[in-house]
Amino acid sequence: MDVQRNLAQRINVGDALTRSAAARPDQLAIVDGDRSLTYARFDAWVNRLAHGLLARGYAVGDALALAAGNSAEFLAVYYACAKTGVVCVPINLGWRPDEVAYVLRHSQARGIVVETQLAVTIAEAVAQVPAVTDVVLAVGLAHDDPEVLTSEVTDVASMTLTDLATDDESTPEVGIDDRAALSYLYTSGTTSFPKGVVGTHLAIHLESMSAALDSGWNASDRFVAMMPMFHTAQLNAFCTPAVIVGATIHVHRGFDPERFLTTIERERITQVFGLPVMYRTALEHPGFGDRDLSSLRRAVYAMAPMPEAQIKACLEGYRCDFALLFGQTEMSPITTLFRPEHQLSHVGAVGTPLTGVQVGIMGPDGELLGPGEQGEIVYRGPSTMQEYLHDEAATATAFAHGWFHSGDVGRFGEDGVLWFADRTKDVIKTGGENVASLEVERAVYDAEPDVSEVVVVGLPHARWSEAITAVVVPKPGTEVDPDGLIAALKKRLDGYKVPKAVIVVDEFPRTSTGKIQKNVVRDTHAMHYGGR
């Protein structure tokens, strides 16, 4: 590779930071607690970390895992990886140690950056993967002073993030192909362990450009980043576009209604992203009416369309545009936007295609269907993932007929607006997390020997969008105690995977071949939590 030519003409997510720092060195880039970093300072820090990775022998294609909450450190490591061609592997902080160990092995991670408050937990996973030789400690919530580290945490780490950084603040000159991997983002499928989605520099950069273009973002915008950065939606639908246009990111480690409203008012925030329940909770906060939220230009939500009553209340309360983000990790992630002009005229839809994304509806034999016809939602565009890591069969299936297959079912209206109908993959999206129903079903069988059959579905819920629900048939002559089963499952599953309710039934509806009709089970109990 001609490195000098590559540096001049390539597409690389790290170069977006370099260029924003050159164009707007004094513009605020990151505000994290009491720390405020201009683009010049943030870029210099990223460069020092990048040179540290290179000094330790990291090369293009090596993998570095990242276990951290929302923080300036998270973004600094992500961009340091981008500038060196190292593949960043964000760790979902809701995973169990065995799930983390699986991802470390599967991604062939050489090292991991860990915040101090997570170090002991992550150590259990790292101990199972001898190939992980570098454990880099980033000061997190556990310690305000980087020099104050308990011996227990110190024993876990090989170095601190400060130790990793060099004094070299120059931009690294590393040849990196446009379609080189930037990240392995692991997403739940129909099996208990997730698939690694290979996101390239080209895919994520172009998706970020399209997100900024379609949303009208610019350097005057000020974002609140409160959704998890280890999820592609917060990371690549908001943070990377913000850096491209030179906007400011205010980092929050989660959602707190008081801090959310205070930050909007004090910092004159213009762009926010959250779940519908977050907007409703803030709207119901006692002090909401006294807040000056006039700086807000747009509030974006995800997971599911809002009910008509809620979107009307939000539009009246926040007095800004609302838009729904629809997509998936494999698409980097945005595929369609349910735009402000459709919020009340097309309640329940998921919008129109993002610039650069082609959306189709496909029949079972690969034929494209017309408006009004229901089929699988499929995509084409440069923001599509490269592949599923180490899974040629799944990759081939995903790209059948020359389109990426979403596993979602929907239809286009005559006016070109997309309507989502159902998921063909039995993955439940609950509170911002993807949960494989098969994993929960296996845990139910393990926890309760008196269960004859179980179907786990996601049912409409005002708070969780979809509430994980176990519908069970007891063995003849036995009884199943719903509360006792839930208590047993809490010992076997991560908290967000535990069913919100157990429904006991006498039998399941079946097809003529004896297969349980999961869609009928879902529809039968759709109003269990009052619907949405």
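Residues numbered from 1 in each chain as written. Predicted model: local features only at pLDDT ≥ 70, side-chain atom pairs only at ≥ 80, totals over all residues. Heavy atoms only, no water.

In the nomenclature of an unreviewed UniProt entry, the protein chain corresponds to AMP-binding protein from the organism Actinomycetospora atypica.

Asks: Hey, could you run me through the overall build of the protein chain in this one?
Replies: Secondary structure assignment for the protein chain yields 17 helices and 26 strands. A globule of 532 residues ought to have a C-alpha radius of gyration of about 24 Å, and the protein chain, at 23 Å, matches this closely. If you line up the protein chain on its principal axes, its C-alpha atoms span 70 × 55 × 50 Å. Burial status across the protein chain gives 57% buried among its 532 residues. Nonlocal contacts in the protein chain, meaning residues at least 24 apart in sequence, comprise 68% of its contacts between residues at least 6 apart. For the protein chain, the accessible surface area stands at approximately 21200 Å², while carbon and sulfur atoms represent 50% of it. Here the protein chain contributes 44 positively and 67 negatively charged side chains, and the mean placements of these two sets differ by 2 Å. (Helix = DSSP H or I, 4+ residues; strand = E, 2+ residues; numbered from the N terminus. Rg over C-alpha atoms; globule rule 2.2 N^0.38 Å. Buried < 20%, exposed > 50% of the residue type's maximum accessible area, 1.4 Å probe, protein only. Contact = heavy atoms within 4.5 Å. Areas by Shrake-Rupley, 256 points an atom, 1.4 Å probe, with all protein chains shown as cover. Lys, Arg positive; Asp, Glu negative; His and termini not counted. Charge placed at Lys NZ, Arg CZ, Asp CG, Glu CD.)

Asks: It is not clear to me how the side chain of K518 should be interpreted in this structure. Could you clarify?
Replies: Inspection of the secondary structure puts K518 in helix 17 (residues 518-524). On the basis of relative accessible area, K518 is assigned to the buried category, the value being 14%.

Asks: Looking at this structure, I do not really get the packing of aromatic side chains. What am I missing?
Replies: Where two aromatic rings form a pair, the distance of their centres and the angle of their planes describe that pair. Counting across every chain of the model gives 15 aromatic pairs. Between Y78 and Y79, the ring centres sit 5.8 Å apart and the planes meet at 85 degrees, which makes this aromatic pair edge-to-face. Y79 gets classed as buried once you look at its relative accessible area, which sits at 1%. Three or more aromatic residues joined by ring pairs make a cluster, and in this case those are F255, F260, Y279, F288, Y301, Y318 and F322. (Phe/Tyr/Trp six-rings, centres within 6.5 Å; stacked < 30°, edge-to-face > 60°.)

Asks: Whenever I open this one, helix 13 (residues 308-318) confuses me. Can you help?
Replies: For an α-helix, the turn length of 3.6 residues means that residues three or four places apart are oriented alike. Buried residues of helix 13: Q310, I311, C314 and Y318, and no others. Buried residues of helix 13, seen end-on, are gathered within an arc of 95 degrees and therefore sit on one face of the element. Facing away from the buried side of helix 13, by more than 90 degrees, are the exposed residues A309 and E316. Just downstream of helix 13, R319 is the residue with a positive phi angle, here 55 degrees. (Arc of directions from axis to C-beta.)

Asks: Quick question: what am I supposed to make of the packing of helix 12 (residues 276-283) against helix 13 here?
Replies: The axes of two packed helices give the description: the angle between them and the distance between them. At a closest axis distance of 10 Å, the pairing of helix 12 and helix 13 adopts a crossing angle of 55 degrees. With respect to their mutual orientation, helix 12 and helix 13 come out oblique. As for the relative orientation of helix 12 and helix 13, their crossing is left-handed in sense. Residue-level contacts link P276, V277, M278, Y279, R280, A282 and L283 of helix 12 to Q310, A313, C314, G317 and Y318 of helix 13. (Axes fitted to C-alpha atoms, helices over the stretch in contact; angles between N-to-C directions. Parallel < 35°, antiparallel > 145°, perpendicular 65-115°, else oblique. Left-handed = near helix turned anticlockwise from the far one by under 90°.)

Asks: Looking at this model, I keep getting lost on the sheet that holds strand 12 (residues 271-274). Mind explaining?
Replies: The strands making up a sheet associate through backbone hydrogen bonding, with each pair oriented either parallel or antiparallel. Strand order in the open sheet made by the nine strands is 2-1-11-10-12-13-14-15-16, with mixed pairing throughout. The sheet terminates laterally at strand 2 (35-38) and strand 16 (352-353), the two strands that pair on one side only. Note: strand 14 (residues 321-327) against strand 15 (residues 334-338), four bridges, orientation antiparallel. Across the sheet, residue L325 finds its bridge partner in strand 15, namely L337. Its contacts with the sheet put helix 3 (residues 39-55) on strand 1 (28-32) and strand 2, and the angle it makes with strand 2 is roughly 90 degrees. (Pairing = 2+ DSSP bridges.)

Asks: What is the right way to look at the nonpolar core in this model?
Replies: As a rule of thumb, nonpolar side chains are buried together in soluble globular proteins. Core analysis: the largest hydrophobic core is formed by 108 residues, its most contacted members being F42, Y279, Y318 and F322. Counting residues per element, this core draws most heavily on helix 4 (residues 72-84), at 10 residues. Among all residues touching Y279, those that are not within four sequence positions of it are F260, V272, F273, G274, A299, V300, Y301, M306, C314, Y318 and F322. The next biggest cluster of nonpolar side chains, apart from the first, holds 50 residues, and it includes A67, A109, A119 and A488. (Core = buried A, V, L, I, M, F, W, Y, C linked by side-chain atoms within 4.5 Å.)

Asks: Which parts of the structure should I look at to understand helix 6 (residues 119-126)?
Replies: Taken together, the buried positions of helix 6 are A119, I122, A125 and V126. For helix 6, the arc enclosing every buried residue in end-on projection is 110 degrees, short of the 170-degree limit, so these residues lie on one face.

Asks: Would you explain the environment of H252 in this entry?
Replies: Here H252 shows up in the loop between strand 11 (248-251) and helix 11 (257-267). H252 sits in the buried class, given a relative accessible area of 3%. In sequence terms H252 and V31 are 221 residues apart; their C-alpha atoms lie 9.2 Å from each other. Those residues within four positions of H252 in sequence are excluded, and the remaining contacts are N70, V224, A225, M226, R259, F260 and T263.

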